[in-house]
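Structural overview
So the chains spell out like this:
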There are 2 protein chains.
Amino acid sequence: VSTRYLLLAEGFSGDAHYGKTMRGVLRYRREDVVAVLDSTRAGETEEGIPVVGTVADAAPYQPTTALVGVATQGGRFPPEWLAILRDCVEAGIDVENGLHVFLADDPELSALAAARGAELRDLRRPPRDHSTATGANLEVPATIVLTVGSDCAIGKMTVSLELDLEARRRGIRSVFVPTGQTGIAIAGWGIAVDAVVADFIAGAAERLVVEGHARGGELLWVEGQGAILHPVYSGVTLGLYHGSAPHLLVLCHEAGRTEIEGAGGGPHAIPPLGELVRLHEELALPARPARVVAVAVNTRALGEGDARAAVAAAEAETGLPADDPVRFGAARLVDAVLSAREP
Amino acid sequence: VSTRYLLLAEGFSGDAHYGKTMRGVLRYRREDVVAVLDSTRAGETEEGIPVVGTVADAAPYQPTTALVGVATQGGRFPPEWLAILRDCVEAGIDVENGLHVFLADDPELSALAAARGAELRDLRRPPRDHSTATGANLEVPATIVLTVGSDCAIGKMTVSLELDLEARRRGIRSVFVPTGQTGIAIAGWGIAVDAVVADFIAGAAERLVVEGHARGGELLWVEGQGAILHPVYSGVTLGLYHGSAPHLLVLCHEAGRTEIEGAGGGPHAIPPLGELVRLHEELALPARPARVVAVAVNTRALGEGDARAAVAAAEAETGLPADDPVRFGAARLVDAVLSAREP
């Protein structure tokens, strides 16, 4: 049976507030989504998909899996959602959850799921046999490309997905390597590297590139996390960088953003792009030098002319090819990666 | 009742192989150590402390607490130790454990401990209410000094402890801030930042500097972890750096070491000290610029003349005051920190 998603978005109405996970699944697995649950918008549609007010109202669409579509900082679970989750499980619908709090650890919900034959899948649950990095990452016979960025939530996952799609269109054995809950929901495999024990970040990243190659990838697009100067998440960023052992980096930036958003104690200024390029290259392991080969500019907030100007400015600032792969297509960035790829 | 330690060192005989935790406690809490357990050396002494072959043989020394004195990479528990741990608990002796595997999670040992009134303290167990960093680190009204280094296990904790001791000798309200199992065993508080969930590394570090100040510190010496270019542990290093929000850094290096040790896939070259100074300063958060103000050189493998030459070479290479605080005293490095301290 293929997955038929009910996206749980209760109380996160409106364009700006829907979660990253929901947006990602709507964009990249839309064919698998049958309904969205949000009682404040029941009867409307979301990108052509019916919005329902209750789990019972979703029944005609025969969902197999409910996906928690929000992702809050720190990953706590909104308590008011538990009733909705119970309704899903009562109806025999599996639940996928990307928050740090694990549904399967709730004894009541777990018992109910067992009784109803529903599965609780916690996408951020680390593998049981986690381990430190071994050096196997340096032996993977594939070109590894990591997206890095000037901040969180500026589109690193999207860039990795778009470049992977474009590479596959060109017939390249290309694999997207998911490192966070949304990427895992989209691709159906992966490890949320922000949820493993800190000593095992690089080990988890290493395992992912090994698996990406085992899945047939000669070109691996590793989903980046955080930012190297992010006051909250930089540890995950650097552990993922060293553990995934990339040959090439694509620097992601949102046009016009000058400060890291959502971190306390700021303002936390974003350095000029040229400095970020240099800093990332200096942070490569001596055993695996990495080069930034392109800049992906997120221009969603801009009009067409300003968007083209922002791309040109990024090129001028870094001397690297730049583009917005969502808006203008991924060809230019894939070209830059392929021409830098080791023979 | 004050702690009377039985150090568990079974099978780790000999100078080179005793664990970091045991060495640290022997050096900085020696007055609390009553015996060492190591059946291969029963009847000998270790730095003047009696070595016993069994838990029963330790009884005359009335230990209150057994400390697991080894620290293996990845933190697994040597299975042959379980019999010794059971003997301790049977005898009503508390057990402190610094490995990633938690004793309290062993149902059998836990039940036995409950029955015998012994406590199982897992030093690496993260706090239950962990959280992401909030920016409170930037508000701590103390001078924060972090030790950073060119590799693991070169003496960052020791340098922090020695500089703290010297500062306290001078009457400064100085506090050592423990971030790993050995530091926690020595100081009796702290969080093992390598054992928290990756998203919470900076949050844990932030909490530690807040607590260090609450404990009366105007000058906080934060125990560093890992190395910024360590292929396995760099994520912990950077999360700790940004989360502890140091004003000043002391760069630690072992004279003569040219490669990171014990990491697979190498060789992993250590860059010149001058480059490490620059890299660390560039990685400071823009909201909290940090300067490297001194270099601590570990010269334990060298004779006196070579040691002095190594210190002089580090000074020449970085243009910063350098010294081996264990061998030659901490005065010079503390002077460097105090003169760089914000007024």
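Definitions and cut-offs
- Residues numbered from 1 in each chain as written.
- Chains lettered and ligands numbered in written order.
- Predicted model: local features only at pLDDT ≥ 70, side-chain atom pairs only at ≥ 80, totals over all residues.
- Heavy atoms only, no water.
- Helix = DSSP H or I, 4+ residues; strand = E, 2+ residues; numbered from the N terminus.
- Rg over C-alpha atoms; globule rule 2.2 N^0.38 Å.
- Buried < 20%, exposed > 50% of the residue type's maximum accessible area, 1.4 Å probe, protein only.
- Pairing = 2+ DSSP bridges.
- Contact = heavy atoms within 4.5 Å.
- Axes fitted to C-alpha atoms, helices over the stretch in contact; angles between N-to-C directions.
- Arc of directions from axis to C-beta.
- Polar contact = N/O pair within 3.5 Å; in protein donor to acceptor, adjacent residues only side chain to side chain.
- Parallel < 35°, antiparallel > 145°, perpendicular 65-115°, else oblique.
- Left-handed = near helix turned anticlockwise from the far one by under 90°.
- Nonpolar A, V, L, I, M, F, W, Y, C, P; charged D, E, K, R; others polar.
- Buried area = accessible area lost by both parts, 1.4 Å probe.
- Salt bridge = Lys/Arg side-chain N within 4 Å of Asp/Glu carboxyl O.

**Comments concerning the overall build of chain A**
A tally of helices and strands in chain A yields 12 helices and 13 strands. Here the C-alpha atoms of chain A give a radius of gyration of 20 Å, agreeing with the 20 Å that 2.2 N^0.38 yields for 343 residues. In terms of principal-axis extent, the alpha carbons of chain A reach across some 55 × 50 × 45 Å. Counting only residues that meet the buried cut, chain A has 60% of its 343 residues in that class.

**A word on the sheet that holds strand 9 (residues 174–177) of chain B**
Whether parallel or antiparallel, the strands of a sheet pair through hydrogen bonds between backbone atoms. Residues and elements named next belong to chain B. Spatial strand order, 9-10-8-11-12-13: six strands in an open sheet with parallel pairing. Strands with a single pairing partner mark the edges of an open sheet, and in this sheet they are strand 9 and strand 13 (322–323). Here strand 12 (residues 291–298) runs beside strand 13; their pairing, made up of two bridges, is parallel. Bridge pairing in strand 13 links Ala 296 to Asp 323. The sheet strands contacting helix 10 (residues 304–318) are strand 12 and strand 13, and the helix crosses strand 12 at an angle near 155 degrees.

**Overview of helix 4 (residues 107–116) of chain A**
Residue and element names in this part refer to chain A. Of the positions making up helix 4, those classed as buried are Leu 109, Leu 112 and Ala 113. Buried residues along helix 4 cover an arc of 100 degrees about the axis, so they all sit on one side. Across helix 4 from its buried face, at more than 90 degrees, point the exposed residues Pro 107, Ala 114 and Ala 115. Buried residues along helix 4 sit in contact with helix 3 (82–90) and strand 7 (120–122). The residue sitting at the N-terminus of helix 4 and contributing the capping side-chain oxygen is Asp 106; that oxygen lies 3.0 Å from the backbone nitrogen of Glu 108. Just past helix 4, the residue Gly 117 takes up positive phi, approximately 70 degrees.

**A short note on the pairing of strand 6 (residues 94–97) of chain B**
All names here are of chain B. Of the two faces of strand 6, the one lined by Asp 94 and Glu 96 and the one lined by Val 95 and Asn 97 are each fully buried. Pairing geometry for strand 6 and strand 7 (residues 120–122), over three bridges, is parallel. In the strand pairing of strand 7, Val 95 is matched with Leu 120.

**Here's the deal with the packing of helix 1 (residues 20–28) of chain B against helix 5 (residues 156–169) of chain B**
All names here are of chain B. For the pair helix 1 and helix 5, interaxial distance at closest approach is 12 Å and the crossing angle is 15 degrees. Here helix 1 lies roughly parallel to helix 5, going by the angle between them. Considering the relative orientation of helix 1 and helix 5, their crossing is right-handed. Facing helix 1, whose interface residues are Gly 24, Arg 27 and Tyr 28, helix 5 presents Met 157, Thr 158, Leu 161, Glu 162 and Leu 165. For the contact of helix 1 with helix 5, the class distribution of residues is four nonpolar, two polar and two charged.

**A look at the pairing of strand 2 (residues 33–37) of chain B**
All names here are of chain B. The buried fraction of strand 2 is high, at five of five residues. Where strand 1 (residues 5–8) and strand 2 come together, four bridges link them in parallel fashion. Paired with Leu 7 across the two strands is Val 36, which belongs to strand 2. As judged from the two bridges shared by strand 2 and strand 4 (residues 49–52), these two strands associate in the parallel manner. For Leu 37, the partnering residue across the bridge sits in strand 4 and is Val 52.

**A few points about the interface of chain B and chain A**
Where interface size is quoted, it is often the accessible area lost as the parts come together. Each partner contributes to the interface: chain B provides 47 residues, whereas chain A provides 47 residues. Both faces considered, chain B and chain A share a buried interface measuring about 3500 Å² in area, 60% of it formed by carbon and sulfur atoms. Among the residues of chain B in contact with chain A, B:Ala198, B:Asp199 and B:Leu229 are the three that bury the most area, contributing 15% of the side total. The interface formed by chain B and chain A holds four salt bridges in total. Its salt-bridge partner being B:Arg278, residue A:Glu282 comes within 3.0 Å of it at the nearest N-O pair. Between chain B and chain A we count 10 residue pairs in polar contact (both at pLDDT 80 or more) in total. For the side of chain B that touches chain A, the elements supplying multiple residues, two or more each, are helix 7 (201–214), helix 8 (234–244) and helix 9 (273–282) of chain B. Broken down by element, the side of chain B that touches chain A gets its largest block of residues, six residues, from helix 8 of chain B. Of the residues that constitute the side of chain B that touches chain A, the class distribution is 25 nonpolar, 16 polar and six charged.

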